Number of protein chains: 2
Amino acid sequence: MTDPPKKRRRAGGRAAHMRRAGGQAVAQMPWRLPVNADRPTEPLDEAGIAAIHDGAMRILEEIGIEFLNEEALALFRQAGCIVEGTNVRMGREFVMEMLGHAPRRFTITPRNPARRISLGGGHILFGNVSSPPNYWDMETGKRPGTRAHCADLLKLTQYFNCIHFSGGYPVEPVDLHPSTRHLDVVFDKLTLTDKVTHAYSLGPERVEDVIEMVRIAGALSHEEFEAAPRMYTNINSTSPLKHDKPMIDGCLRLVRRGQAVVVSPFTLAGAMAPVTLAGAVAQSIAEGLSAIALFQYLRPGAPCVLGTFTSNVDMKSGAPAFGTPEYMRATQMTGQMARFYGLPLRASGVCAANVPDAQAMWETCNSLWSAVQAGAHMLYHAAGWLEGGLIASPEKFIMDCEVLQMIQRYFEPALWATGPEEIALDAIREVGSTGHFFGVAHTQERFESAFYQPFLADWRNFEAWEQAGALWTAERAHRLFKAIVADFEPPPMDEAIREELQAFVDRRKSEGGAPTDF
Amino acid sequence: MTDPPKKRRRAGGRAAHMRRAGGQAVAQMPWRLPVNADRPTEPLDEAGIAAIHDGAMRILEEIGIEFLNEEALALFRQAGCIVEGTNVRMGREFVMEMLGHAPRRFTITPRNPARRISLGGGHILFGNVSSPPNYWDMETGKRPGTRAHCADLLKLTQYFNCIHFSGGYPVEPVDLHPSTRHLDVVFDKLTLTDKVTHAYSLGPERVEDVIEMVRIAGALSHEEFEAAPRMYTNINSTSPLKHDKPMIDGCLRLVRRGQAVVVSPFTLAGAMAPVTLAGAVAQSIAEGLSAIALFQYLRPGAPCVLGTFTSNVDMKSGAPAFGTPEYMRATQMTGQMARFYGLPLRASGVCAANVPDAQAMWETCNSLWSAVQAGAHMLYHAAGWLEGGLIASPEKFIMDCEVLQMIQRYFEPALWATGPEEIALDAIREVGSTGHFFGVAHTQERFESAFYQPFLADWRNFEAWEQAGALWTAERAHRLFKAIVADFEPPPMDEAIREELQAFVDRRKSEGGAPTDF
């Protein structure tokens, strides 16, 4: 059989060739917050929206959600909800009143204000893969994540302008002790990137440490930090129908400081949620809204995002599937519900594939386009995700960034402009039936910016592609990865701030970090 | 570096393992005509539609289209259009009056009436790759197409229920002499498949031969054949602004016999059309409508489809690009125009990639989803296309069929049903916050049909996938291809009909076939 990867290995050392002028490995689009102006795809009619809403409200009213967090239970009691043990039932009037406080849009400002993001206002924004325990690349194969892997993926997160915010750890660095891991990784995140960052809600010490580090990195007083969102956390419910202690604790801490929270139930239809998609979505909505209602009660106007992570399992093996038709429709349906409740929406770019091959990209494209169709505002895992979230891969990261750039380009209104210059009757007349458009002024004036320019896709014909080494896409992505990391320059940071961050990390390490019995 | 393809080659012989009960290599979805109920994505507002319409009409009125076909010129003269040499100018009133005769929907019935397709009535239908000169598979690499390659791809065309019609030759069999090639390949098409088939408009003898063979295969009298569409042709204009002689000749012959025609200008922005998309679309519309107006004048009510094949070139190399953001928007915009004119729309599933890898699938998914978003009724090249149409690949064919099946599943209304059984409040109550949904009756009653079941995607975890040979998707597709072809059984055909077809082929060969100086 033909074996392009073999040729690729032999060819070697082409990375330098790919670098562009100015030491840039990739000629990429500039930073921007793309606007999704497409009308969403809406499978549900009004009765369908009402049915899912009623289902979610009846779950909250009749079945209730478990909150394994004393503080939350006390707040719900104070709000007049029915609290029995850890079970909380709340009326739809209360929920809808609380949701009425939630902002439809808000901003988060990282240490570099030029990287401010706006959530809920028509933008569609992308973040890196978060939390896989394993790393895979073409060279190493699959192995447990390390701090070095994590740093490389953070460099990609910073490098690509189409990545608007940083998620959780792009890979879990299991070579770092859990008690101090967050200190090292957040130090790396804050020094290697200047984009909006995230705190895991994994115990009060960790959350407080990250808050403090984000404050230091931004050179902010406590008052300045709390005056506007500077960071966020993302939590999952423990489906079905449960919120655990540290997740809610982290959210409450951030909400009290005016920071943003994203609540993303992980409702796999057929496993942690009903096998029917409307049921899985209704349950996801109930789980998400119960937490957001709590946060609005605590602090009316708290910036909250409703997340969707409803997919289905493979009914033969129980393995989660992603980018399926069911995933796409669940995402679109949740988009309709988020608009109904007036909340910004988070979705994802995900796949079940184990390697960055054809399957990986059809599953990922399905999930990304469904997020576009759903009107999602914030896409987690938009670059680098493999094996249902168990693997982070730099090759996949780079492939995904090509697709994300194309989505950004897809949203440029120039593409559907219909002024006289775009209808171009004069150019059509000039070329007539025998000429070619390349030579005419109308083309020459526009050709440099007329079309999307890929950095990874190879548009040459087969023979030219073969001559250049017959590199399959994963291999080309691997070489770009090496070139980007080799060229990487961290964003500027004031030396005094870096020292303050380092001192904080040192002090907290000397204190033992955070407990690991959460 | 890791080298999964190497492992794959060593593993060998897993095809048998993949076969399902009943000797079927693939457990696939049944034949159906999927209904696209999504609201189309519409970048153009009313003014935008009016601007493109006006641009197209001014091209037809002021610049004109070249028709290198005497019969067409005579018809246009007779219709009162301005004919100067081969240039034809026509007023918008004439065009719109002619378009008013075109049916919004119609059927085509092949030799097996159970494979009847309906075009323009909300269905989205898929056809195989057509006309690449080259074949590529994992075993052979790239080589000129042969009759054997072509037959294998016809077997895939017949085998997959998600392929609704047969396009042109799935690969050009260059081992057959051009004078009789059509006789052999159409014999293969009509015996290996029972789906709607196509005739190339490459000279009167070829078209007449194919018409006769389709008539014989359907056991139809000449009268029965002409009573309803039984086949179709697809033509491209010779952009810019030109229709060549054999293409129009073939259409006129089919239209006279009540058969269907698809007119698909190939307007690459920046090459054969303006660099601005609105201009490229306006030109494409003008080229398409000029021919469809002619056919409606010849036979009011003739079944016609407007095709779109507007993409852009790589402005660095001039190579055509596919599945780009520009391609997607052009397809959506043409969808709006097709609805404005009341014509069924043809689009495509295409890519620029040279091998069936990650790039191939993100480009193909982009093109397929834009066809869905455009409300296209008929997708050419929906399975098997590589290298901008220069390569047909069985692995890519099989990958594409997985995506096409997912699109079919995506359109099943069960996915967004919101009745009490789907909201599943009782199941949610039963499982509560500690259980699992797999065991409950609500799940068990539905689990066999609840979710899309892939035949190519591997949803196992990394370790199980590795243990099974660590096959990347292209390699898995190659094995399925071998298994499908090994198992293939042609659809039934009456022996007398087969003999009549064979006798026709023999006679026409003895007469020398068709001239090759077209």
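What counts as what
Within any chain, residue numbers begin from 1 and follow the written order of that chain's sequence. Naming scheme: in the order in which they are written, chains are lettered from A and ligands are numbered from 1. Given that this is a predicted model, residues contribute local features only at a pLDDT of at least 70 and side-chain atom pairs are listed and counted only at 80 or more, while totals for whole chains, interfaces and linings are drawn from all residues. Hydrogens are left out, water is left out, and the side-chain values use all remaining heavy atoms of the structure. For helices the rule is a DSSP run of H or I covering at least 4 residues; for strands it is a run of E covering at least 2, with both sets numbered from the N terminus onward. Throughout, the radius of gyration refers to the C-alpha atoms, and the reference size of a globule is 2.2 Å times the residue count to the power 0.38. Only protein chains enter the accessibility calculation, which uses a 1.4 Å probe; a residue is then buried when its area is under 20% of its type maximum, exposed when over 50%, and partly exposed in between. Two aromatic rings, drawn from Phe, Tyr or Trp (for Trp, its six-membered ring), form a pair once their centres lie within 6.5 Å of each other, and the interplanar angle then sorts them: stacked below 30 degrees, edge-to-face above 60, tilted otherwise. Placement of a charge over a ring requires the Lys NZ or Arg CZ to be within 6 Å of the ring centre, with the centre-to-atom vector within 35 degrees of the ring normal. Helix axes use the C-alpha atoms of the stretch in contact, all axes being lines fitted to C-alpha atoms, and the angles between their N-to-C directions lie in the range 0 to 180 degrees. Here is the rule for handedness: rotate from the far helix to the near one, and if that takes an anticlockwise turn smaller than a right angle the crossing is left-handed, while a clockwise turn gives right-handed. The contact criterion used is simple: two residues touch if any of their non-hydrogen atoms lie within 4.5 Å. Under the grouping applied here, Gly and all other residues not named as nonpolar or charged are polar, the nonpolar ones being Ala, Val, Leu, Ile, Met, Phe, Trp, Tyr, Cys and Pro and the charged ones Asp, Glu, Lys and Arg. Pairs of strands are assigned from DSSP output, requiring at least two bridges between the strands. For the least-squares superposition of copies, only C-alpha atoms count, and only for residues with pLDDT at least 70 in both. As used here, buried area is the combined drop in accessible area, with a 1.4 Å probe, of two parts when they are placed together. Criterion for a salt bridge: a side-chain nitrogen of Lys or Arg within 4 Å of a carboxyl oxygen of Asp or Glu. Here a polar contact is taken to be a pair of N or O atoms separated by no more than 3.5 Å, where protein atoms must pair a possible hydrogen donor with a possible acceptor and residues adjacent in sequence count only if both atoms sit in side chains. A pair of sulfur atoms, both from cysteines and within 2.5 Å, is called a disulfide here. The pLDDT value expresses, per residue, how confident the predictor is, ranging between 0 and 100. Note on charges: Lys and Arg go in the positive column, Asp and Glu in the negative column, and His and the chain ends are not counted at all.

## Here we look at the overall build of chain A
Looking only at helices and strands, one finds 20 helices and 20 strands in chain A. Here the C-alpha radius of gyration of chain A, 24 Å, is about what a compact globule of 518 residues would show, namely 24 Å. Taken along the three principal axes of its C-alpha coordinates, chain A extends 80 × 60 × 50 Å. Per-residue burial over chain A gives 68% buried out of 518 residues.

## A closer look at the packing of aromatic side chains
Here the structure, examined in full by the defined rule, presents 38 aromatic pairs over all chains. Seen from their ring centres, Trp-369 of chain A and Tyr-410 of chain A are 4.9 Å apart, and the 75° between their planes marks the pair as edge-to-face. Remark: Tyr-410 of chain A occurs in helix H14 (residues 394-410) and Trp-369 of chain A occurs in helix H13 (residues 358-374); sequence separation between them is 41 residues. Taken together, the ring pairs connect Tyr-159, Phe-160, Phe-397 and Phe-455 of chain A into an aromatic cluster. Positioned above the aromatic ring of Tyr-410 of chain B, the side-chain terminus of Arg-329 of chain A is 3.5 Å from the ring centre.

## Thoughts on the packing of helix H10 (residues 245-256) of chain B against helix H11 (residues 277-298) of chain B
Residue and element names in this part refer to chain B. It is at 10 Å that the axes of H10 and H11 come closest, and there the two elements cross at 35°. As for how H10 packs across H11, the hand of that crossing is right-handed. Contacts between H10 and H11 involve Ile-248, Cys-251, Leu-252, Val-255 and Arg-256 on the former and, on the latter, Ala-291, Leu-294, Phe-295 and Leu-298. Here the residues of the contact of H10 with H11 are counted per class, giving 8 nonpolar, no polar and 1 charged.

## Side note on the environment of Ala-383 of chain A
All names here are of chain A. Inspection of the secondary structure puts Ala-383 in strand S18 (residues 378-383). Sequence separation between Ala-383 and Glu-430 is 47 residues, and the spatial gap between their C-alpha atoms is 45 Å. Filtering out sequence-adjacent residues up to four positions away, Ala-383 remains in contact with Gly-127, Asn-128, Val-129, Ile-163, Phe-397, Asp-400, Cys-401 and Leu-404.

## Details of the sheet that holds strand S3 (residues 87-89) of chain A
Within the open sheet, the 4 strands sit side by side as S2-S3-S1-S11 (chain A). Their pairing is mixed. Each edge of the open sheet carries a strand with a single partner, namely strand S2 (82-84) and strand S11 (242-243) of chain A.

## A short note on the relation of the copies chain B and chain A
Superposing chain B onto chain A requires a rotation of 180° together with a translation of 0.0 Å along the rotation axis, leaving an RMSD of 0.0 Å. Both chain copies can therefore be described as sitting about a two-fold axis. If distances are taken from each C-alpha of chain B to the rotation axis, the shortest is found for Ala-358 of chain B, at 2.1 Å. Both copies share a contact surface, since 99% of the interface residues of chain B are interface residues in chain A too.

## Observations concerning the packing of helix H8 (residues 204-217) of chain A against helix H10 (residues 245-256) of chain A
All names here are of chain A. Where H8 contacts H10, the two axes come as close as 9 Å, and the packing angle between them is 35°. Here the hand of the crossing between H8 and H10 comes out right-handed. Contacts between H8 and H10 involve Pro-204, Val-207, Glu-208 and Ile-211 from the former and Asp-249, Gly-250, Arg-253 and Leu-254 from the latter. In the contact of H8 with H10, the residues fall into 4 nonpolar, 1 polar and 3 charged.

## Some thoughts on the interface of chain B and chain A
Bring the parts together and some accessible area is lost; that lost area is often taken as the interface size. In this complex, chain B contributes 124 residues to the contact, which on the side of chain A involves 124 residues. Interface of chain B and chain A: buried area, both sides summed, is about 10,700 Å²; carbon and sulfur atoms make up 65% of it. Linking chain B to chain A there are 10 salt bridges. Here Lys-142 of chain B makes a salt bridge to Glu-463 of chain A, at a shortest N to O gap of 2.9 Å. Across the contact surface, chain B and chain A share 43 residue pairs in polar contact (both at pLDDT 80 or more).

## Notes on the state of the cysteines
Tallied over the entire structure, the rule returns 0 disulfides over all chains. Cys-351 of chain A forms no disulfide, and the closest cysteine sulfur to it belongs to Cys-365 of chain A, at a distance of 10 Å. Overall, Cys-351 of chain A belongs to the buried group, its relative accessible area being 0%. The thiol of Cys-150 of chain B is unpaired, and the distance to the nearest cysteine sulfur, on Cys-401 of chain B, comes to 16 Å. For Cys-150 of chain B, a relative accessible area of 1% gives the class buried.

## Here's the deal with the confidence of the model for chain A
Residue and element names in this part refer to chain A. Here chain A averages 94 in pLDDT, and 95% of its residues register 70 or above. Confidence over residues 1-22 falls short of pLDDT 50; this stretch has 51 contacts with residues more than four positions distant or in other chains. As scored by the predictor, the complex reaches a pTM of 0.95 and an ipTM of 0.95.

## With respect to the side chain of Lys-242 of chain B
Along the polypeptide, Lys-242 of chain B turns up in strand S11 (residues 242-243). For the buried Lys-242 of chain B, no salt bridge exists, and the shortest N-O distance to an oppositely charged side chain is 7.0 Å, to Glu-66 of chain B. Not counting chain neighbours up to four residues away, the residues in contact with Lys-242 of chain B comprise Ser-433 and Thr-434 of chain A together with Ile-65, Glu-66, Leu-68 and Ser-237 of chain B.

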